[in-house]
Each structure stands twice: as C-alpha cells, then as structure tokens.
Amino acid sequence: MIDRPRFYLTTAIAYANSMPGVHTLYEVIGADAVARWHRMQGHETRFLTGTDEHSVNIAMRAAEEGRAPRDFVDEKVALFKAAEASLAISPDRFIRTTDPDHIASAQEMVRRAYANGDIYLGAYEGWYCPSEGFRNATDVQETPRGTICPNHPEVPLQWLTEKNWFFRLSAYQERLERWFEDHPDFVEPTYRKNEMLGFIRQGLEDFSISRAGSGWGIPFPILEDGASAQRPDGTWHPDAGTIYVWYDALINYVTGAGFPGDPESVATWWPADLHIIGKDILRFHSIFWPAMLWSAGLEAPRKVWAHGWLLAAGGERMSKSRGNFLDPGDFVRAFGTDGARYIALREVPFDRDAEVSWDGFVRRYNADLANDFGNLVNRTVSMANRYLAGERPDPRAEGTSVLGTSWSTTLAAVQGRFDRMLLHEVLAELWAFVGDANKVVEAEQPWVIVKAVKAGEEGAEARLRGVLGDLIEACRLVALAAAPVLPTVAPRILAQLGYAWAYGADGNGGPALLDELRWGAHAGEPGQLTAPEPLFPRLEVETADA
RNA sequence: GGCAGGGUAGCUCAGCGGCAGAGCAAGCGGCUCAUAAUCGCUAGGUCACAGGUUCGAAUCCUGUCCCUGCUACCA
C-alpha cells in the first residue's frame, strides 16, 4: 500500500504488424507527458504501454516473410522500443501480449467469465479469407466473381460458420447504461461518450471471444465440456482453440496491475485511472472492457480518453499504405526529442483531429521553440552574465512584478488544462506567458538600465536586478511546467539558470511540482548562471517532404 | 439512409444574439540583451449558400451544398 495519491494510466497497445509511425506514437507522447505531470507532482504513478502481438493477421505477415511469428513480432517490438526511447518515453512497464504473465492473466479472465456464466458456446459466421481469417462485413467487396477481400482479391471468400465461445455482453446492457449515467466523465471528450451511449442504446449483442485451431494466440483454457484445456504435461489441448485477439488485448491493462498473481498489487493499482486510446477503438474500451471486468469481479476503469488523430494534407488518415507515413526517425532527427514531443502535442489538439504538415511543424518549431522560448532563455542568461557577472538575482515579490502576477493566472490555467487532458492548451497557456516575458524585456530595456547603473543613478541597480530576477524566474517556471513535454531540455534550462535538477529521468523523485511552481519558490538562494547555450537551434525552412 | 459534429483572414482555429478576433505566415517601423532574434504597427473576411425571426444574426430557425465521426467481431 502507498500513502500518496496513485495514478495508473495506459496507452492502447500497438499492433505489432509493422514499423511505428508518428501518428501511432502521438498517443504515447501524450500519455508520457501526463505520466510525467503526475510523477513530478509526487503521485505514485504507473504508466503502461506495449504491443499487441497475436492475431491471424500477424501470423500471416510473418508467414509472408517466411518467419516464425515470434521472431517477426520481436523485430517489430524492437522498432517500437527504439522509437519510444528516441522520444524519451518512460513507461514503468512495456507490456507484450506474449509475456507469460499476460497469457496467464487472459486465461484467468476467461475462466472467471465462464464461472460467472457469461461465456457460452455458439456459432460465429462471416466471410472467411483463407489468408486472413474472418473479415468484417464492411471490409469485403462484392464483385462479379463473388465476394473478395481487398488484400487478397484473387481468392474468393467463403461464408463460414465456426463454433466459438461467446461473451454475454447483452447481459450488461442495463448496467452499462447506468454506469455511463452515473459517471458522466467516464468517456471523454463528451461527443465521443454520446456516440458510445448511442451504440449501447441500439442494443448490445454478444461477441465471440475464441477462434478455432491452435494458431498464433493465447490457448483458450476451457474445453467444450467445461473441463480445463491444460494437459498433464502443461501444454494446451489444440481443440480448445485460442482466445480471440480482442479479449486477449484489452486484458493487458489488468496484467499490468499485477493480475492475477499479485492481489496486493491489483488492490493498489486497479482500477486504472486513465486509458488513453484512439477514437477507432473506443467501443472496445468503453463498452466491451467494463463488461469483461465486471464479469471477472473487477472494477471498470475510471476514465477512457479518446484522442484525435494526425491527418495528412486533405484530411487523410496517415498510414503506411497511403504513403503519407511520417517516420519517427526523421521526425526526431529534424526536431530533436523535445522538439518532436512539443510539436506533436502543440499542433494536434488532444481531443480532436488536426491536419498537420512538415512545413507547419517547422513553422511551429521556429516560432515557439527557437524564437519565443529558446531565445528568451538565451537573452536572459546572456544579460545576467553580461550585466551581473552571472550572479542570479532574486525575482521581485509576486504582487509587485508584472510577470509574477501574470504567472499566477497562467499556473491556474495550466493545472486546469492538464487535468482536463487538453495538452495543447497547456502549452498555449505557457507560451502566452513566454510572450509576456519577451514583452517585459522590451518594456524595461535592461541594456538602458545598465547604463544608468554605470552612471551611478539611484535605484538603477535594484531595478536591473529586479528585471533580470523576474526573467530568470519566468524561465525557471516555464521550464518546470513544460518539463512533462520537454523532459530532456528542461534540466538543461535549469542548469543554465544555476539550479540543480531535482527529478529523475522519468520525472520521479523530486519535490512536489506545485511547490516548485510558486513564483519565487527559490528566492534567497544564491546561484550562478552558466554560459548561454542555444536550446532549440533555428531550422531553415524546408520544402515539404517526409 | 439514420444520428452527431463542422464549414469564420493565406494557414491553424477562437467567438455562438450587441462594433468580425487570436496565433502563425506577409508588409512597414523601432530596438540591440538575444538563435537573421525580439517589440510595435499595418494589411488581410459576401463569417459555405439562400430564405426567415429580431431594434440587431457569424451566433437562433428553415432549406440547400460540401466535409468529418458513429452506425458491432481487421486491430
């Protein structure tokens, strides 16, 4: 048990069938910023992300390359981990659905649902592609030659019936409606919640949770007669089939909390505070998932947040097959770890889709990071070095400083936006304050004051120290408040200002962030600034590529 | 088809009965601490289209045209 607030958040697990794109990592970047925001506040935080590795599709892709599925997904997982490392993503656990504890977890969830009477044998029917398995009715195409699957147009589809286990979702209809009513913030943004409510009210059907055969998946733990499918030698009976990939995938969130082997950990970490997911899988997370949990005697998560998407020019969804794929390697090489994170979270509202472009990214980087903030830190450090020999003066008292007054409203707004998951607005608030600081430099003109100091004018020295103290404090506060988004640059800024960095690489271990974010929190402590060093080198405008 | 959301400056968007706004991009000027930076000013709009309600409509109502999302087992 822990004695401080805990926060358990997850991303969706990424489907390990190809290399990651920036549009996929956007969700992880956002979740990482939220995780760091909680860690820096001193909350006991658990941030789970990972990969979804089973399914007929993945087995097929591996077979196309003549490789074993495990070998195939290992390679994809390495690509995801490398891309996340380059973006300073800091999961407390990177979970894979092929992990042994997850396999045990998914099987236990099936057993519990069975014991609760929520699982029964039925027949699943649909269009079956010999290469890809059952296909969604909306994905198949009618042609003169018959019904085909777009990925394998040469092979006619068969209408097949398969004996499967079904989950009694219909039994949870009323409870789900009540849950949505009693927890109006369960799904956000609100318009997404309304879509889900509409779906529930249409009437819920049971869904299949197993597939026949011992393919690439977690062995279904129960035989048709209800007996355990595990054989004396520990292997699983192939006749039991496998757990259908959705029933497998969602369960990673309880595995990550320690289910089922560590009840104390589950008591600490479940229910999750937040699942951050894409809008395309909201139904599974907000309707199927709570029902699955209730069936197993567990609580529903506290919040599901459906974020928007990065769209290419013309509003097209980004994907590798459309050729508008944005490679995370190019992205990080161009903008740096922190620049890439900032741009992604600033250019795309966290609650909506947005069209993005390489030119837009460059403009945003130059305007916000190189010019407004990077240059503010640079000119501030430079002036303190030049005019005060690098000694750090205190800021003026909050009530007597324009910036001190402005900061109190900024901080309140930042907190509110963070708590409502509006990460783009968090940054907009902070950068409005950066603009205030740049205006203060022009209004007070330290280079004029310093001449008055040299002329021995009374009060000039105090004025100079006051202005520079305010500017240094403004830089410290913005760096700290933006640290969840700029985790590697923030410590460098504090170092230039003569402050030690008190937090670990993942944001854990330092003083409570909200104390640090008080105007003048370190007044009276002597400090020495270092030589100025550009943080975000300005980029030349490039023509669109990537 | 049904339900929901949207169409406002070159770009991204805010405003949602009371003088059309912000940021970026563009042009001009100031300043020199700074990363060709920054500060100020300017320009830029049939608020998708047509009708209606109102003293007054980007905002409310009706219709039309576009765009997007949801409408169950690819994940």
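> Talk me through the packing of helix H5 (residues 173-182) against helix H10 (residues 282-295); I want residue IDs and the actual numbers.
Contact geometry of H5 with H10 gives a least axis separation of 11 Å together with a crossing angle of 110 degrees. The orientation of H5 with respect to H10, classified from their angle, is roughly perpendicular. Between H5 and H10 the crossing geometry is right-handed. Touching Arg175, Leu176, Trp179 and Phe180 of H5 are Ser286, Ile287, Pro290 and Trp294, all from H10. For the contact of H5 with H10, a count of residues per class yields six nonpolar, one polar and one charged.

> Can you break down the sheet that holds strand S17 (residues 310-312) residue by residue, with the values?
The three strands lie next to each other as S18-S17-S19, forming an open sheet whose pairing is mixed. Edge strands, defined here as strands with exactly one partner in the open sheet, are strand S18 (316-317) and strand S19 (354-355). Here two bridges tie S17 to S18, and the two strands are oriented antiparallel to one another. If you follow Leu311 over to S18, its bridge partner there is Arg317.

> Describe the packing of aromatic side chains, and please don't skip the residues or the numbers.
Following the criterion strictly, the structure yields 31 aromatic pairs and no others. Ring centres 5.8 Å apart and planes at 85 degrees place the aromatic pair Tyr114 and Trp165 in the edge-to-face group. On the criterion of sequence distance, the pair formed by Tyr114 in helix H4 (residues 100-115) and Trp165 in strand S10 (residues 158-167) is long-range, its members being 51 residues apart. In textbook terms, an aromatic cluster arises when at least three aromatic residues are bridged by ring pairs, as seen for Phe167, Tyr172, Trp179, Phe180, Phe186, Phe207, Trp246, Tyr247, Phe284, Phe288 and Trp294. Over the aromatic face of Tyr124 sits the side chain of Arg211, whose NZ or CZ is 4.8 Å from the ring centroid. Its end group placed over the ring of Tyr499, Arg392 keeps NZ or CZ at 3.6 Å from the ring centre.

Each value, and the rule that gives it
- Residues numbered from 1 in each chain as written.
- Chains lettered and ligands numbered in written order.
- Predicted model: local features only at pLDDT ≥ 70, side-chain atom pairs only at ≥ 80, totals over all residues.
- Heavy atoms only, no water.
- Axes fitted to C-alpha atoms, helices over the stretch in contact; angles between N-to-C directions.
- Helix = DSSP H or I, 4+ residues; strand = E, 2+ residues; numbered from the N terminus.
- Parallel < 35°, antiparallel > 145°, perpendicular 65-115°, else oblique.
- Left-handed = near helix turned anticlockwise from the far one by under 90°.
- Contact = heavy atoms within 4.5 Å.
- Nonpolar A, V, L, I, M, F, W, Y, C, P; charged D, E, K, R; others polar.
- Pairing = 2+ DSSP bridges.
- Phe/Tyr/Trp six-rings, centres within 6.5 Å; stacked < 30°, edge-to-face > 60°.
- Lys NZ or Arg CZ within 6 Å of the ring centre and 35° of its normal.

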